[in-house]
Amino acid sequence: MIKLAHAFGIALVAAGLSTAVVSTPAAAGSCPALDAIDPDGDGSMTLGEAMKAAKAAFHAMNPDKDRTLERAEVGGRVSDAAFAAANPDKDGSLSMGEWKRLVKMRFLHANTDGDRTIECDELATPAGKALYNVLR
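Criteria and thresholds
Residues numbered from 1 in each chain as written. Predicted model: local features only at pLDDT ≥ 70, side-chain atom pairs only at ≥ 80, totals over all residues. Heavy atoms only, no water. Buried < 20%, exposed > 50% of the residue type's maximum accessible area, 1.4 Å probe, protein only. Helix = DSSP H or I, 4+ residues; strand = E, 2+ residues; numbered from the N terminus. Arc of directions from axis to C-beta. Contact = heavy atoms within 4.5 Å. Disulfide = S-S within 2.5 Å. Core = buried A, V, L, I, M, F, W, Y, C linked by side-chain atoms within 4.5 Å. Axes fitted to C-alpha atoms, helices over the stretch in contact; angles between N-to-C directions. Parallel < 35°, antiparallel > 145°, perpendicular 65-115°, else oblique. Left-handed = near helix turned anticlockwise from the far one by under 90°. Nonpolar A, V, L, I, M, F, W, Y, C, P; charged D, E, K, R; others polar.

(A) Structural detail: helix α8 (residues 126-135). Buried residues of α8: Ala127, Gly128, Leu131, Val134 and Leu135, and no others. One side of α8 holds all its buried residues, which, seen down the axis, span an arc of 125 degrees. Next to the buried residues of α8 lie α2 (32-37), β1 (45-46), α3 (47-61), α6 (96-110), β4 (117-118) and α7 (120-123).

(B) Spatial organisation of the state of the cysteines. Applying the stated criterion to the full structure yields one disulfide. Note on cysteine connectivity: cysteine 31 is disulfide-linked to cysteine 120, with sulfurs 2.2 Å apart. Looking along the S-S bond of the cysteine 31-cysteine 120 disulfide, the torsion reads about 80 degrees, which is the right-handed sense. Placement of cysteine 31 in the loop between α1 (2-14) and α2 and of cysteine 120 in helix α7 is noted, with a sequence separation of 89 residues between them. Of the residues examined, cysteine 120 reaches a relative accessible area of 23% and is grouped as partly exposed.

(C) Region of the structure containing the nonpolar core. Core analysis: the largest hydrophobic core is formed by 29 residues, its most contacted members being Met45, Trp99, Val103, Leu131, Val134 and Leu135. Within the residue set of this core, elements represented by two or more residues are α2, α3, α5 (80-85), α6 and α8. With seven residues, α3 is the largest single contributor of residues to this core. Residues contacting leucine 135, with those up to four places away along its chain left out, are Ile37, Met45, Ala50, Ala53, Ala54, Ala57, Arg77 and Val103.

(D) Broad picture of the packing of α6 against α8. Two elements in contact, α6 and α8, have axes whose closest approach is 8 Å; the angle formed by their N-to-C orientations is 150 degrees. What the angle tells us is that α6 and α8 run roughly antiparallel. Helix-helix and strand crossings are classified by hand; for α6 and α8 the assignment is left-handed. Here Trp99, Leu102, Val103, Arg106, Phe107, His109 and Ala110 of α6 lie close against α8, whose contacting residues are Ala127, Gly128, Ala130, Leu131, Val134 and Leu135. Across the contact of α6 with α8, the residue classes break down as ten nonpolar, two polar and one charged.

Structure (structure tokens):
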């Protein structure tokens, strides 16, 4: 229902009409952090969109293009403990699959309302900030 109201509000704006009747707390463009990591910029992020953003982040952090992320390439996006936990084979690097599992776990942890999307309010939580850090 909220997404329908949000879509309706966008349609009204596009038509040049007032949206005073429609309240959208996380309208597209109102949350710069979410806008920065949401591939379609619609004001919420699905798990599929998070996986797309995870892949883009992986490639952006991997300047040597060796198909793995070493600890130094990940930088401050994850703690040493989180890196070790995401690296079950203990080879000192994260494959794309290991990276995506890390992002999925952070997404699920950040999705506090269980609606399978991340909105601005969830991104502002500690778990949401951890998700943002791996996708930025």
